[in-house]
Amino acid sequence: MSASFVLPKPPAALPLPYVIVCEGFGDAVFIDSLLRHHAINNCSIGCPNRDTCKGLPGKTELQQYLGALEFIYKAQKPLPLRGVLVVVDADKKPSSQFSDAKEALEFAEFSPVPEKAFEIYEANGFRVAVFIMPGEGRTGTLEHVFLTAALDGKPELRECLD
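Throughout, residues of each chain are indexed from 1 in the direction in which the sequence is written. The model is predicted, so local features are restricted to residues of pLDDT at least 70 and side-chain atom pairs to those at 80 or more, both for listing and for counting; the totals for chains, interfaces and linings are taken over all residues. To obtain the side-chain values, all non-hydrogen atoms of the structure were used and water was disregarded.

Asks: So what exactly am I meant to see when it comes to the packing of aromatic side chains here?
Replies: To describe a pair of aromatic rings, one takes the distance between the centres and the angle between the planes. Within 6.5 Å between ring centres, the rings of Phe, Tyr and Trp (the latter by its six-membered ring) count as paired, and their orientation is classed by plane angle as stacked under 30 degrees, edge-to-face over 60, tilted in between. For the structure on display, the rule yields four aromatic pairs. Between the aromatic rings of Y73 and F126, the centroid separation amounts to 5.2 Å while the plane-to-plane angle is 40 degrees, which identifies the pairing as tilted. Separated by 53 residues along the polypeptide, Y73 in helix 3 (residues 61–75) and F126 in strand 5 (residues 126–133) bring together distant segments of the chain. The exposure classification of Y73 matches that of F126, with both residues buried. Ring pairs connect the aromatic residues Y73, F110 and F126, which therefore count as one cluster. Secondary structure elements follow DSSP: runs of H or I of four or more residues count as helices, runs of E of two or more count as strands, with numbering from the N terminus. Only protein chains enter the calculation, and the probe is 1.4 Å; a residue is then buried if its accessible area is under 20% of its type maximum, exposed if over 50%, and partly exposed in between.

Structure below.
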């Protein structure tokens, strides 16, 4: 795990210009590894969890975590944060997952609020986006990305998995 994590609790400061917020720790670890592999070092990565979001306002853990980030962002001077990316699993209802992420961003008062997934929205130099795993037009989770990659190299495993 790299120093780019803003875990395990809501951070006291946002030292890097971009924050990637994932639903869970496994997704955050994967995104962190991907960024390190590509030598991208201008992003912090974080995710909510039951322990760190207890007592914070908001009806979901994602709302609570983003609300804490927004509070820290507004309190910091100068404002180093220039963007937020929310990464959620599509599960079986990508449109519902997008709506939940959008609602969490609205709750936290991050703007502009995205109207569509996979697009970056910018206002006053601040960027906001929502990415849904495993990708546009697909259902599933991050684990489905790994499964597809594994089966590409060993298609004979498909029968075993089915």
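So, next bit.
Asks: Looking at this structure, I do not really get unusual backbone geometry. What am I missing?
Replies: Negative phi values dominate among residues other than glycine, just as trans dominates among peptide bonds. A cis amide bond, omega 10 degrees, links S111 with the succeeding residue P112. Here P112 shows up in the loop between helix 4 (94–107) and strand 4 (121–123). The amide bond that connects M133 to the next residue, P134, takes the cis arrangement and shows omega of 10 degrees. If you trace the backbone, P134 turns up in the loop between strand 5 and helix 5 (142–153). Phi at F118 is positive, roughly 70 degrees, even though this residue is not glycine. Here F118 lies in the loop between helix 4 and strand 4.

Asks: How should I be thinking about the nonpolar core in this particular structure?
Replies: Nonpolar side chains in soluble globular proteins generally cluster together in the buried interior. What we call a nonpolar core is a set of buried Ala, Val, Leu, Ile, Met, Phe, Trp, Tyr and Cys residues that are connected through their side-chain atoms within 4.5 Å. With 25 residues, the main nonpolar core has L66, V86 and F110 as its most contacted residues. Contributions of two or more residues to this core are made by strand 1 (18–22), helix 3, strand 3 (83–89), helix 4 and strand 5. Of all the elements, helix 3 adds the most residues to this core, at six residues. Contact definition: two residues touch when any of their heavy atoms are within 4.5 Å. Once residues lying within four places of it in the same chain are set aside, the contact partners of V86 are V21, L62, L66, A101, L105, A129, V130 and F131. Residues Y18, C43, C47 and M133 belong to the second largest nonpolar core, which totals twelve residues.

Asks: Just to check I follow, could you spell out helix 3 for this structure?
Replies: Structurally, the α-helix is built with 3.6 residues per turn, so residues lying three or four positions apart point the same way. Between its first and last C-alpha, helix 3 extends 21 Å over 15 residues, near the 21 Å set by a 1.5 Å rise per residue. Listed as buried for helix 3 are L62, Q63, Q64, Y65, L66, A68, L69, E70, I72 and Y73. For a helix, the expected span equals 1.5 Å multiplied by the residue count minus one.

Asks: Just to check I follow, could you spell out the pairing of strand 5 for this structure?
Replies: Consecutive side chains along a regular strand alternate between the two faces of the sheet. Taking burial as the measure, the eight residues of strand 5 include six buried ones, the bulk of the element. At least two bridges found by DSSP between two strands are what make those strands a pair. Two strands pair when backbone bridges link them, and strand 3 and strand 5 are joined in this way by seven bridges, in the parallel orientation. What sits directly across from V88, in strand 5, is I132. Taken together, the three bridges between strand 4 and strand 5 define a ladder with antiparallel strand orientation. Opposite E122, over in strand 5, you have R127 as the bridge partner.

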